[in-house]
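What follows is each chain in one-letter form.
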Amino acid sequence: VAVSVVQFLGRIQMNGFAVVDALAPSTAGADSSVWRLALALFPVASLLNHDCDAPTHITFQPNVNGASRGVSLICRASRPITAGETVTHCYGPQRGCDRAQERQRQLRAHYIFSCTCTCCLRVCTATHCNTLQH
């Protein structure tokens with residue numbers, strides 16, 4: 001029984017979505033975990049793979065359908081998605097917010113994988129590489 005519980009908890013950690021309060025005040029530099037309301041499972045959305053520069057943005061909308069409670073996950077395109085392009089979303093640290101090395105560290109710690117998206121694999125040959133946030 002203990003093994004089953006540990007496996008179940010691992011699946012929740014790997015596939016869960018941090019539900020955040022979209023109406024919470026946003027303060028530059030604020031700890032985003034302060035506004036996390038819950039960890040929820042959305043089976044279809046859990047099938048989306050990660051990309052640090054994903055073409056989607058995920059938001060949450062409260063259900064207000066009488067007896068139905070909880071939230072709905074809304075996945076929208078944040079830029080045009082070309083035919084044949086894989087629809088992905090960013091699991092957390094995004095390009096432009098954290099450097100590639102920090103994104104890799106966070107993804108390995110939480111999701112136990114090394115990101116191989118184009119953004120993380122890009123080799124920078126410019127002399128100003130240290131100032132870029134790939």
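Note on numbering: residues in each chain are counted from 1, in written sequence order. The predicted origin of the model limits local features to residues at a pLDDT of at least 70 and limits the giving and counting of side-chain atom pairs to 80 or more, whereas totals for whole chains, interfaces and linings rest on all residues. Note that the side-chain values use all heavy atoms of the structure and ignore hydrogens as well as water.

K.L.:
I'd like a description of the nonpolar core, backed by residues and values.
P.N.:
In summary, soluble globular proteins display a tendency toward joint burial of nonpolar side chains. Joining through side-chain atoms within 4.5 Å is the link that ties buried Ala, Val, Leu, Ile, Met, Phe, Trp, Tyr and Cys residues into a set, and such a set is a nonpolar core. The classification of residues rests on relative accessible area computed with a 1.4 Å probe and restricted to protein chains. Under 20% of the type maximum is buried, over 50% is exposed, and intermediate values are partly exposed. Among the nonpolar cores identified, the biggest contains eight residues, and these are Phe17, Val19, Ala40, Phe42, Ala45, Ile58, Phe60 and Leu73. The set of elements that each furnish at least two residues to this core consists of strand 1 (16-20) and strand 4 (56-62). The contact rule is simple, with two residues in contact once any of their heavy atoms fall within 4.5 Å. If near-sequence neighbours (up to four positions away) are discounted, Phe17 is found in contact with Ala38, Leu39, Ala40, Phe42, Ala45, Ser46, Ile58, Phe60, Leu73 and His89. Residues Leu107, Cys117, Cys119 and Cys120 belong to the second largest nonpolar core, which totals seven residues. Secondary structure elements follow DSSP: runs of H or I of four or more residues count as helices, runs of E of two or more count as strands, with numbering from the N terminus.

K.L.:
Run through the side chain of Thr88, naming residues and quoting values.
P.N.:
By the secondary structure assignment, Thr88 is in strand 6 (residues 88-89). Given the relative accessible area of 7%, Thr88 is considered buried. Among residues more than four places away in sequence, those in contact with Thr88 are Asn49, His50, Asp51, Ala54, Pro55 and Thr56.

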